[in-house]
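Report on the structure
Each chain, letter by letter, is given below.
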Amino acid sequence: MNKNRRQLLAGISIAGAGFLLNACRATQTRTGSATNEEHKNEGPPAPGEVAPVEVTAAEDLMREHGILRRALLVYQESVVRLRQDPASVPPDALEKTANLFRVFGEDYHEKRLEEVYIFPALKKSTNAAGSYVDILLAQHMRGREITNYVLSMTKADKIPSNSVEALAKALESFVRMYEHHAAIEDTVIFPAWKGTLGEGEYDDLGEKFEGIETEQFGGDGFETALKRMEEIETSLGLANLDMFTAPPIAK
Ligand SMILES: [Fe+2]
Ligand SMILES: [Fe+2]
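Report follows, based on the coordinates. As the structure is a computational prediction, the values presented were derived from the model and not from experiment.

So, the overall build of the chain
When its secondary structure is counted, the chain shows 9 helices and 0 strands. N-terminal to C-terminal, the α/β element order of the chain is α-α-α-α-α-α-α-α-α. Taken over 251 residues, the chain has a buried fraction of 45%. Per element, the accessible surface of the chain, about 12800 Å² overall, is 56% carbon and sulfur.

With respect to the environment of K194
Mapped onto the elements of the fold, K194 is located in helix α7 (residues 164-196). With 137 residues separating them in the primary sequence, K194 and A57 have C-alpha atoms 9.0 Å apart.

Section: the coordination of the iron ion (ligand 2)
Every protein donor of the iron ion (ligand 2) is listed here as H65 (NE2), H109 (NE2), E114 (OE) and E185 (OE), and their distances to the metal cover 1.9 to 2.1 Å. Angles of 81 to 164 degrees at the metal separate the 4 donor atoms of the iron ion (ligand 2), which places the site in the irregular class. Here the donor residues for the iron ion (ligand 2) map to a single chain with the spacing H-x43-H-x4-E-x70-E. Between the two metal centres, the iron ion (ligand 2) and the iron ion (ligand 1), the spacing is 3.3 Å, with E114 acting as a shared donor. Of the two residues, H65 sits in helix α4 (residues 57-84) while E114 sits in helix α5 (residues 91-124), which places them 49 residues apart along the sequence. Exposure remark for H65: the relative accessible area of 1% places this residue in the buried category. Owing to a relative accessible area of 0%, E114 belongs among the buried residues under this scheme.

Side note on the environment of A225
Topologically, A225 is positioned in helix α9 (residues 221-235). Residue classification places A225 among the buried residues on the basis of a relative accessible area of 0%. In sequence terms A225 and G105 are 120 residues apart; their C-alpha atoms lie 9.9 Å from each other.

The rules we used
Residue numbers restart at each chain and count upward from 1, following the sequence in its written direction. Naming scheme: in the order in which they are written, chains are lettered from A and ligands are numbered from 1. This being a predicted model, a pLDDT of at least 70 is required before a residue's local features are given, and a value of 80 or more before pairs of side-chain atoms are given or counted; all residues contribute to the totals for chains, interfaces and linings. Only hydrogens and water are set aside; all other atoms, that is, all heavy atoms of the structure, feed into the side-chain values. Per the convention used, a helix needs a DSSP run of H or I reaching at least four residues, while a strand needs a run of E reaching at least two, with both numbered from the N terminus. The buried label goes to any residue with under 20% of its type's maximum accessible area, the exposed label to any with over 50%, and the partly exposed label to all in between, with areas taken from a 1.4 Å probe on protein chains only. In short, Shrake-Rupley with a 1.4 Å probe defines the accessible areas, and a residue's cover is counted only from the protein chains shown. Think of the donor list as every N, O and S atom within 2.8 Å of the metal, or within 3.2 Å for Na, K and Ca; water never makes the list, so a site can look incomplete. Under the classification used here, a metal with four donors is tetrahedral if each angle lies between 85 and 135 degrees, square planar if opposite donors are over 155 degrees apart and the others between 65 and 115, a six-donor metal meeting that same test is octahedral, and anything else is irregular.

What follows is the structure in structure tokens.
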């Protein structure tokens, strides 16, 4: 892809969530976070179509982490390739991954959900998990700095050769931070947050999160991000799950 076109696409991506939806709006399925309410007038799924699944607020947040973990895998694999053969890492695949992290992870999952609904509620509560909040916020900020850096390093058609190791180190430290960040949120923060909510409040917030997702992305952001992530994995030869099966122990 020529540089102007890549810059244009990157600009669209940064400007909003349009990039997530442009490619996938036409092929959107009825899977994902759609509620039973939204689908109650629809007939049974067509052959090959998956029935809609209702997800709760914490499930929603955790499957968003699933998308982000897939982006982290791309970063992790890129670190190895950058150190072995920098030319084997196409900058636009890294740029697309960083854009997805920005639009879906930072601008939506972090800024619209965690920082508005989850962290303030935990801070106000007496739950010990509230003590994690300042660190988690600092990690969001550091993550955004690293995403800016990755985007700046992948603008051109080639990663500057004198920046290859610095980029590898930045990706490596980001993966290490965010893997643990998401794991603490999944195992400590989200369950504690759920515990702060009154009866019915949790269900209402599940509906609210779906509304925010639709407003932010103009549709099902999760499904679209998932397709986008699959495209990136395929372009890098990372789409085959079995290639990650650990080898047997040597005897
Ligand atoms: Fe977070
Ligand atoms: Fe999170």
